Amino acid sequence: MEILYTPFLLLFIIVSLLFLLRVLLFKTGLIYITKKWWRSIEDCFHVYQFFKVPEFNESMQENQLYHKVSIYLSSLASMEDSDYTNLFAGKKSNDIILHLDPNQVIDDYFLGARVSWINDDKSDTTCCRTLVLKVRRADKRRILRPYLQHIHITSDEVEQKKKGLKLYINIGSHEQNRRWRSVPFNHPSTFDTIVMDSDLKNKLKSDLESFLKTKQYYHRLGRAWKRSYLLYGPSGTGKSSFVAAMANFIGYDVYGIDLSRVLDDSDLKTLLLQTTSKSVILIEDLDRFLMDKSTGVSLSGVLNFMDGILNACCAEERIMVFTMNGKDHVDPAILRPGRIDVHIHFPLCDFAAFKTLANSYLGVKDHKLFPQVEEIFLTGASLSPAEIGELMLANRNSPSRALKSVITALQTDGDGRGSLNIRRQWTDNSSRKSTEDSGEHSGVFSKEGVHAMKDFRKLYGLLRFKSNKTSESFDMTPDRKDGQSYGS
Ligand SMILES: Nc1ncnc2c1ncn2[C@@H]1O[C@H](COP(=O)(O)OP(=O)(O)OP(=O)(O)O)[C@@H](O)[C@H]1O
Ligand SMILES: [Mg+2]
């Protein structure tokens, strides 16, 4: 018997020890110490080269590269990992600027290589401040030039971001010379406020970040440096808010093209030619415009527009975003890889998304009514985040009342559209949308300026959300089960 128990006992002891070791490593600073130790061993096997970036040149003039590198380093997430970091207030009230403390080191990764920056501040006087770049000799030839270019680009972007973003809309064709009108873009939406599967959100953030870093890579492949996203899903699921979050994240201006104000295909091309680099070019509700034969823009006009980004004049730093309610009825030519690089599905709420909304709108992490809400979601009922958000906002002083109103709405499925009743077909939605819109356009508010304001609101979700739903298959959205993490 004893012999039988011994292997099990041994196994149990090993597993327990491993578990304890894991807890010890992760709950204490040991993992950090181990990593540091491992890195110093690794360093012994590589030859490094050092590049100094002093703050002033020999004639005591400011070195612009030092300024750019400082801006770049403060934008790095790894800055927060350094042992000592200085915190300063920025120009805006809630801005915090990070600065590396003297003799601190931070790591950065570029094209698969690790580089380090050392703040070589030998004295307290400002005249001797130098930033030192440490690169492996083996990586130097491959990455040094593109890395310095990347620093230039990123620091310019950060500075541009500080200046404030702009939202451009295309104005009527009668003002031939001025096709775009701009307003300050102050949309509060960020990736933190968007309710979305957190894995997907992180994937999209790193997709954007890696796009910004890969100019040289795109050029080496002979491809224009651009990326196209398709956001599709029912109304009120956060597509427009996501575009605003994207623009805020990368610090790009937004050009929202209203196809109803575009005369014809060549007019569309002119608009594209008049956009600037580092911008998000947005066409909302593309599916509706493709169905709507009354518009002057043809399918081939749209295809040329999507490819037009390849023209030498506008080959740089563009992100194109198209939103749709559904892509089933859209010509596959529009959706082919190269024209659309990333498809992102925006679904109606499930229980996990509902919980994230309850937390952000009501500050409620758990509630006795949650099981009832979950049960209703399990029957297949659902509402859009916009619909649930509105109900919570209206009853924000009483979480119980807010949850009860969500339950009632889910039971009747909003205005009787959902799976508890017969879901409307996509065509109903599009015809309803066009009716609503034609009402808007032919109404009293026909002046250019009023249209423009309406469009700003429509673009960014300030108008009452329209009710149309459809269930879609998805590409970039992972399969979700209730309880899966949602980032808010
Ligand atoms: N996923 C979400 N996360 C956070 N808020 C959301 C989300 N979806 C919708 N909302 C809220 O609902 C409002 C409307 O959302 P938004 O305009 O982004 O939806 P949409 O998908 O663009 O709708 P439409 O297809 O009708 O244009 C926003 O102001 C936002 O506050
Ligand atoms: Mg929208």
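Residues numbered from 1 in each chain as written. Chains lettered and ligands numbered in written order. Predicted model: local features only at pLDDT ≥ 70, side-chain atom pairs only at ≥ 80, totals over all residues. Heavy atoms only, no water.

Enquirer: Quick one: what's the story with the environment of Gly-338, residue by residue and with numbers?
Expert: Within the fold, Gly-338 resides in the loop between α11 (332–335) and β14 (342–345). For Gly-338, a relative accessible area of 26% gives the class partly exposed. As for Gly-338 and Met-306, which are separated by 32 residues in sequence, their C-alpha atoms are 9.2 Å apart. (Helix = DSSP H or I, 4+ residues; strand = E, 2+ residues; numbered from the N terminus. Buried < 20%, exposed > 50% of the residue type's maximum accessible area, 1.4 Å probe, protein only.)

Enquirer: Residues and numbers for the UniProt feature "transmembrane region" (unreviewed entry) in the chain, please.
Expert: In the numbering adopted here, UniProt assigns the feature "transmembrane region" (unreviewed entry) to residues 6–26. With 100% helix and 0% strand, the stretch residues 6–26 has end C-alpha atoms that lie 30 Å from each other. (UniProt positions renumbered as here; feature names shortened; annotations may be inferred.)

Enquirer: Tell me what's going on with the site of ligand 1, and back it up with residues and numbers.
Expert: Neighbouring ligand 1 are 16 residues; Val-195, Ser-235, Gly-236, Lys-239 and Ser-241 lie closest to it. Taking Ser-235, its side chain carries an N or O atom lying 2.4 Å from an oxygen atom of ligand 1. Between ligand 1 and Ser-240, the relevant distance is 2.9 Å, taken from an oxygen atom to a side-chain nitrogen or oxygen of the residue. In isolation ligand 1 offers 630 Å² of accessible surface; the protein chains occlude 85% of this area. If you tally residues by element for the shell around ligand 1, the top one is helix α7 (residues 239–250), at three residues. For the shell around ligand 1, a count of residues per class yields six nonpolar, nine polar and one charged. Split by domain, the shell around ligand 1 shows at least three residues from each of two domains, domain 2 (165–345) and domain 3 (351–427 + 456–487). (Near = heavy atom within 4 Å. Polar contact = N/O pair within 3.5 Å; in protein donor to acceptor, adjacent residues only side chain to side chain. Areas by Shrake-Rupley, 256 points an atom, 1.4 Å probe, with all protein chains shown as cover. Nonpolar A, V, L, I, M, F, W, Y, C, P; charged D, E, K, R; others polar. Domains from an automatic or database assignment.)

Enquirer: Go over the nonpolar core, please, and point to the residues and values.
Expert: Membership of the largest hydrophobic core comes to 32 residues, with the highest contact counts inside it found for Tyr-229, Phe-242, Ile-319, Val-321 and Ile-344. With sequence-adjacent residues up to four places away left out, Phe-242 is seen in contact with Phe-191, Ile-194, Met-196, Leu-204, Leu-231, Ile-344 and Phe-346. If you look at the next biggest cluster of nonpolar residues, it comprises 27 residues, including Ile-283, Phe-322, Met-324 and Val-330. (Core = buried A, V, L, I, M, F, W, Y, C linked by side-chain atoms within 4.5 Å. Contact = heavy atoms within 4.5 Å.)

Enquirer: Give a detailed account of the environment of Leu-290, specifying residues and quantitative values.
Expert: With respect to the helices and strands, the residue Leu-290 is situated in helix α9 (residues 286–291). Judged by its relative accessible area of 24%, Leu-290 falls in the partly exposed class. Sequence separation between Leu-290 and His-329 is 39 residues, and the spatial gap between their C-alpha atoms is 9.5 Å. The residues contacting Leu-290, other than those within four sequence positions of it, are Leu-299, Val-302, Val-330 and Ile-334.

Enquirer: Please set out the sheet that holds strand β10 (residues 226–232) residue by residue, giving values where relevant.
Expert: The sheet built from seven strands is open, its strands ordered β8-β7-β11-β12-β13-β10-β14 with mixed pairing. At either margin of the open sheet sits one strand with a lone partner, and together these are β8 (180–185) and β14. Ignoring strand direction, the axes of neighbouring strands in this sheet form an average angle of 20°. The sheet contact formed by strand β11 (residues 253–257) and strand β12 (residues 279–283) spans five bridges and is parallel. Across the sheet, the residue bridging to Ile-257 is Ile-283, located in β12. Its contacts with the sheet place helix α5 (residues 198–213) against β10, β13 (318–324) and β14, and it is angled at close to 160° to β10. Where α7 meets the sheet, it contacts β7 (165–170), β8, β10, β11, β12, β13 and β14, and its direction lies at approximately 170° from that of β13. (Pairing = 2+ DSSP bridges. Axes fitted to C-alpha atoms, helices over the stretch in contact; angles between N-to-C directions.)

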